[in-house]
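# Coordinates in review
Listed below, chain by chain, are the residues.
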Amino acid sequence: MPAHDVLIIGAGLAGQRAATAAADAGATVALLSKVHPVRSHSVAAAGGINAAINPADDWRSHAFDTVKGSDYLGDQDAIEIMCAEAPAEVMHLEHIGVTFHRNDKGELDLRPFGGASFNRTAYVADITGQALLHVLYEQILKYTEKVDRFEEWFVTSLILDDEGQCVGAVARDVRSGRMETFAAKNVILASGGSGQCYKPTTNALICTGDGMAQAYRVGAPLMDMEMVQYHPTTLLENGFLITEGARGEGAYLLNADGERFMEKYAPNKMELASRDVVSRAEQTEINEGRGVGDDGAGIYLDITVVPRKRTLEALREIVNIGKDFAGVDITREPILIRPGQHYIMGGVKTDINGATSIPGLYAAGEVACVSVHGGNRLGANSLLDTLIFGRRSGEHAAARAAVMPMPHVNDDALRSDSDMISEIIGRDRAGRRVSEIKEELGTEMNRNVAVFRDEAGLRHAHEVVRRLKEEAQSAYIDDRGTVFNQDVLGAIELGYMLDVAEATVIAAIERKESRGAQFRTDYPERNDDEWLKHIDISRNGDDTPDVFYSPVTITQWQPEERKY
Ligand SMILES: Cc1cc2nc3c(=O)[nH]c(=O)nc-3n(C[C@H](O)[C@H](O)[C@H](O)COP(=O)(O)OP(=O)(O)OC[C@H]3O[C@@H](n4cnc5c(N)ncnc54)[C@H](O)[C@@H]3O)c2cc1C
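These lines cover the structure that appears in this document, whether it is placed above or below. (Residues numbered from 1 in each chain as written. Predicted model: local features only at pLDDT ≥ 70, side-chain atom pairs only at ≥ 80, totals over all residues. Heavy atoms only, no water.)

### Re the site of the ligand
In plain terms, the rule: We call a residue near a given molecule or strand whenever any one of its heavy atoms falls within 4 Å of it. Within 3.5 Å is the distance limit for a polar contact, defined as a pair of N or O atoms, with the added protein rule that one can donate a hydrogen and the other accept it, and that residues adjacent in sequence qualify only through two side-chain atoms. The method behind every accessible area is Shrake-Rupley, applied with a 1.4 Å probe, and residues are considered shielded solely by the protein chains displayed. Strands are runs of DSSP state E lasting at least two residues, helices are runs of H or I lasting at least four, and both sets are numbered from the N terminus onward. Throughout this entry, Asp, Glu, Lys and Arg are counted as charged residues, while Ala, Val, Leu, Ile, Met, Phe, Trp, Tyr, Cys and Pro are counted as nonpolar. The remaining residues, Gly among them, count as polar.
The environment of the ligand is formed by 39 residues, the closest being Ser40, Ser42, Gly47, Glu366 and Ser382. A distance of 2.8 Å is found between an oxygen atom of the ligand and a side-chain nitrogen or oxygen belonging to Ser33. Ser382 is positioned such that a nitrogen or oxygen atom in its side chain is 2.7 Å from an oxygen atom of the ligand. Calculation on the ligand without its partners gives an accessible area of 1,000 Å², and the protein chains cover 97% of this total. Counting residues per element, the ones that place at least two in the shell around the ligand are α1 (13–24), β2 (29–33), β7 (153–160), α5 (210–217), β14 (335–344) and α11 (382–402). Residues that form the shell around the ligand fall into these classes: 17 nonpolar, 18 polar and four charged.

### Points about empty space enclosed by the protein
Convention followed: A cavity, in this analysis, means grid points on a 1 Å lattice covering only the protein atoms where a 1.4 Å probe fits yet has no way out; a pocket is instead an open set bounded by protein on both sides within 12 Å along at least five of seven lines, and a residue lines either one if it has an atom within 4 Å of a point. Grid points are joined across faces, edges and corners, and a volume is the space filled by probe spheres set on the points.
Summed over the entire model, instances satisfying the criterion amount to two cavities of 30 Å³ or more. As for the largest cavity, its lining consists of Val228, Gln229, Tyr230, Asp276, Ser279, Arg280, Asn376, Ala450, Val451 and Ala517. Contributions of two or more residues to the lining of the largest cavity are made by β11 (228–235) and α8 (275–287). Looking at side-chain class alone, the lining of the largest cavity contains five nonpolar, three polar and two charged residues. In this structure, the second largest cavity occupies an estimated 30 Å³ of space. For the second largest cavity, the full set of lining residues is Ser194, Cys197, Tyr198, Val228, Gln341, Ile344, Val500 and Thr504. Taken together, the elements giving at least two residues each to the lining of the second largest cavity come down to β14 and α15 (486–510). A per-class count over the lining of the second largest cavity returns five nonpolar, three polar and no charged.

### A closer look at the layout of surface pockets
What the second largest pocket holds in volume is close to 610 Å³. The wall of the second largest pocket is formed by 25 residues, among which Arg217, Met420, Gln473, Ile492 and Gly495 lie closest to the centre. Where the lining of the second largest pocket is concerned, the elements lending two or more residues are β7, α5, α12 (412–425), α14 (455–472) and α15. Its residues assigned to classes, the lining of the second largest pocket shows 10 nonpolar, six polar and nine charged.

Listed below in structure tokens is the structure:
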């Protein structure tokens, strides 16, 4: 049985940064990922990473923009840490080899991004995530003594001991189907987001909320789950992302009347208002009949106003995406977009060191909720969140490991998970296909738990999720083999997505106000008197989620009206 000081589940940016930090602090590390690390979803990140690097900027300005962007739901102690530590983290990345874009003077170039009052987004063209992830992976390869890599291993559940401490996990080797128990003094969940609960989404097929559901199933609360970000610019036809970097470079939005309608909604920041504001503005234009495209369901994003040379240099990936997935040359004509599901602000509730309520269990990155994003994440703050809180989790888990013995872990969970997999593989074809249930879930979430929500729609979504949970119990798969059986993993992921979706719907029903990404047409105002608080969801024992509240940490910025 492998045994390590720190077991890290997920090898995207949060997981890899946690691994180097824990190893640098002296811990032995197992870094485990269901796909090859450089195929983690962080590779898709495009526009950049925020840091107040310019001497004329200040981390407090970054922090205030983040607090305002969060619609005052973000915890200000965590936001202060993230923004204050950002410049050093970006410089560290540069020193280990990330080739950030430089300006004519040879300084790090910083592009404008949504909701920011200063140009503070460092970038590598529009492949920033890929650049960061590959450089970190090169570093990980140097840690042969300290970091054991388990690539293409799928975690099926977390293990708690009799005292309720997290002491490891069970995982399946995707290549062979072999099950293994991993013992660890500490476990860090770095397993990313849950975008696949929606259809369409900008998120890859692997973003199925595994870590959120695994933590929830062992009793860790999920927080801010109602806060699901719709990105303003996703391709109308298929939901592919067109980076906010395009609007940062000067591209703008037009309705069917050729109007730059953002003048009405955010006269100061226009297209660079925060994402919730821009997405709502677009959806309002579409709903009121000023959309474009065949059925008026889209908006034009006009990138032709950006000098062609600059587009080809700084936005080259979306030039390819436009051509390959919409048949449009974005340097010559506007492209059809609409708001699309992109990110979840909620996740496993943690403190500022990534610790959850379960001793020995940490979480960092999109799986976690610290909460630095509150009701709405600013563009280019997620990569920062993964790295700052990935590092802090790694350091704290290593320190905890240094003063405790290796726990004794038995194979009970392994046997139970092996039985669960055999049961799925052995199902007859009486039920529905896993893929059908997933499709219905995504469509329902996109219909009723989207940019605009109301009680009736949310109640309907909850009924659908409950029914799909029942149907998932007998959902069947085709592949009965052991080698690369993605079918059976898909069935397990479906269970995770349904848990995450239910937590999202319940929290959205609970929050009877409009704040950040949660806009309730039946409660259209923000209501600080009653709702300036986090909604936490936990499952204790059975499949009935409990709802409770926790306070928002306010340090220096009292809530005020939010205008852009
Ligand atoms: C198209 C796109 C563009 C974006 N652009 C930006 C940007 O420019 N700037 C920005 O700040 N943010 C951006 N974001 C958001 C940002 O990329 C993500 O929030 C962030 O990269 C998530 O990193 P992570 O390390 O938390 O998770 P991921 O990178 O998603 O990694 C998750 C890891 O967990 C593993 N895993 C999951 N489940 C299991 C399991 N059951 N067993 C084992 N391993 C498992 C996966 O294999 C993977 O290694 C973008 C997002 C998208 C979708």
